[in-house]
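Report on the structure
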Amino acid sequence: MSVTRRQFFIRTAQTAAAGAVAGTIWYQLLSSSAQAAPSMLRPPGALDNQDFLARCIKCGNCVNDCPFDTLKLARMGKENTQGTPFFNARKIPCHMCEDIPCVKACPTGALDPELTDIKQAEMGVAVIDEETCLAFLGLRCEICYRVCPKIDKAIDLQYRSQERTGKHAFFEPVIHSEECTGCGMCEHACPTDEAAIRILPKELVKGMVGKHYRLGWKDKGRITRDFKPEASASKASTSSAKALNTLNNTGKLYD
Amino acid sequence: MTDSSHTASIKERTSVFQIVSNNRYLIARRFVQVGTLLLFAAGAWWDWSILKGNLSASRLFERIFLADPFATLQIYAAGQSLAKPILLGAATVLLFYLIVGGRVFCSWVCPVNMVTDLAAWLRNKLNIKTAYQLNRNLRYLNLGLALVLSAISGYAAFEWVSPINMMHRELIFGLGMGWTAVLGLFFFDLLLVRHGWCGHLCPLGAFYSLLGRLRVWKIQFQADRCDKCGVCHKICPEPHVLKLTDLNQNGRVIAGDCTNCLRCTSVCPQKALHSSLSSPLESFKLINQKEVV
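Residues numbered from 1 in each chain as written. Chains lettered and ligands numbered in written order. Predicted model: local features only at pLDDT ≥ 70, side-chain atom pairs only at ≥ 80, totals over all residues. Heavy atoms only, no water.

Overview of the overall build of chain A
A count of helical and extended segments in chain A gives ten helices and six strands. Counting across all 255 residues of chain A, residues that qualify as buried make up 38%. Considering only contacts in chain A between residues 6 or more positions apart, those separated by 24 or more positions represent 61%. About 15700 Å² of surface is accessible on chain A, with carbon and sulfur atoms providing 55% of the total. (Helix = DSSP H or I, 4+ residues; strand = E, 2+ residues; numbered from the N terminus. Buried < 20%, exposed > 50% of the residue type's maximum accessible area, 1.4 Å probe, protein only. Contact = heavy atoms within 4.5 Å. Areas by Shrake-Rupley, 256 points an atom, 1.4 Å probe, with all protein chains shown as cover.)

Here we look at the pattern of salt bridges
Taken as a whole, this structure holds 18 salt bridges over all chains when the rule is applied. Between R75(A) and E79(A) there is a salt bridge whose closest N-O contact spans 2.8 Å. For R75(A), a relative accessible area of 29% puts it in the partly exposed group. Note on E79(A): relative accessible area 21%, which makes it partly exposed. A salt bridge links E172(A) to R160(A), with the nearest nitrogen and oxygen atoms 2.6 Å apart. One end of the pair, E172(A), is in strand β5 (residues 168-175); the other, R160(A), is in strand β4 (residues 155-162), and twelve residues separate them in sequence. Judged by relative accessible area, which is 40%, R160(A) ranks as partly exposed. Each of D65(A), D47(B), K52(B), R59(B) and E62(B) takes part in salt bridges that share partners, so that together they form one network. (Salt bridge = Lys/Arg side-chain N within 4 Å of Asp/Glu carboxyl O.)

Brief notes about the environment of C148(A)
Relative to the assigned elements, C148(A) resides in the loop between α5 (143-147) and β4. Accessibility expressed as a relative area gives 14% for C148(A), which makes it buried.

Thoughts on the pairing of strand β3 (residues 64-67) of chain B
Each regular strand displays side chains that alternate between the two surfaces of the sheet. Residue and element names in this part refer to chain B. Pairing of strand β2 (residues 57-60) with β3, which is carried by four bridges, proceeds in the antiparallel orientation. Note on β3: the bridge partner recorded for R59 is F65. Count of turn residues in the β2/β3 antiparallel hairpin: three residues, of which F61 carries a positive phi of about 50 degrees. (Pairing = 2+ DSSP bridges.)

Here we look at the packing of aromatic side chains
Counted by the stated rule, this structure contains 16 aromatic pairs over all chains. Considering the side-chain rings of F158(B) and W197(B), the 6.5 Å spacing of their centres and the 20 degrees angle between planes classify their relative orientation as stacked. On the criterion of sequence distance, the pair formed by F158(B) in helix α9 (residues 157-161) and W197(B) in helix α12 (residues 196-201) is long-range, its members being 39 residues apart. Taken individually, F158(B) and W197(B) each receive the classification buried, so the pair is uniform in this respect. Seen in terms of ring centroids, F186(B) and F187(B) are 5.2 Å apart; in terms of plane orientation they differ by 75 degrees. Their pairing is edge-to-face. Look at F186(B) and you get buried, because its relative accessible area is 13%. The exposure class assigned to F187(B) is partly exposed, which follows from its relative accessible area of 40%. Among the aromatic residues, those joined into a ring-pair cluster are W26(A), F70(B), F96(B), Y97(B), F105(B), F158(B), W197(B), F207(B) and Y208(B). In this arrangement the basic side chain of K58(A) is found over the ring face of W160(B), its NZ or CZ atom lying 3.7 Å from the centre. (Phe/Tyr/Trp six-rings, centres within 6.5 Å; stacked < 30°, edge-to-face > 60°. Lys NZ or Arg CZ within 6 Å of the ring centre and 35° of its normal.)

And the structure:
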């Protein structure tokens, strides 16, 4: 069965055309189904969105091995990114098992096996709606604080005097995002009709100061070192007499 | 075949025992397919530790990793490094199917096969004529596309759209819209293209076809028994593997597309076809000879 050159070219073109059509449709399907869902909470140790979705083989073993039925598989047409694990903290939060069975179950490393201390997990961060939080309204509620597995680290209470009554105090919960794992115990326990404290993925919530800012009260040495190499040397010679004479020695301020 | 033996065989076939016996391979295949699904389901629902996961990746007895080598390849093509468990799992599965024949997965394990077989059976019953012809090599195009698209998009391309995964997930984890894909596939096979999905389009099947070339488990052909009645061609989902010239030349089915479903062996009235084990080197020689000829 010999093929003439003409036939060969025609066949190649036909294959290319079929490939282009199928490939385009497929690519559209792929990019709509593998579309990152930025608000979904992922299991502990999940890599960042793109890598997580690329690695997850959708076997469901993290879901199978979750002893609290926290993790669910996203269903086609119901949640985005079908077949990948997620959890709804309001329904069932992550109980932060010490042996982290979900990470152990993952065969592809979509859940990072280097996460061995569950308290270092970064599933999300709690945010508080101060307008509906009972504590911010001046009522006595500290449920989120009490249920937090990292009480006094991830969340603590800040006391503020209640000026309306003049004799009470606000017990306001404050989140520390570097400690908060996003397990969702607080969101699950929040007694308001719609949770006033809820977990969101960190990248949706966290801002970033910018590297060029210097916080004088935190990194004293760095400021003078970065901007005034000479002044850092003279720092040791600061004295109260010199401070009192500041206005007499303005010359140095403007150099 | 004489007239008397013909009537005798018809009479025999009517008995229940004979029906079971004639369909023993079909029953065995369904048993394995449903059994696999049930083990996965038990792993998910009741925490049985025999088989946990799905056909993409799983754990056997909590110790042995298994992984779909094609899915693993796509993850690699998408630019991800491969963790030890799926690498080991994929190697184990690869080795297994290299020996028994790649497309044994298709006819003995894959749940979609039950849907497409039903469509094909119904199609025969309702006498639905072929509406469209597709090239069977389209699946190899899809196989290539799966890897190219994985590389371009950074996501395992087939894994996100695979009806096999969708069906499995619907059965075990339930209640999504994955059924629509399976239903669509059923009607595509029933009304439009005979053996449309499994025989023409599925890239996973294409991958396993490539793997199946050197398999040990093969359909053997006894030319002296064959009376060229063509019954095997009618029932075979991949009838090109039973091309008579190839069978005469090789004495067995060597094409990778054969799924070892064994339907041909049970319908052949002359018992000219049976399955047995043969050396992989032999088929390697046969393939090379064929290319020389």
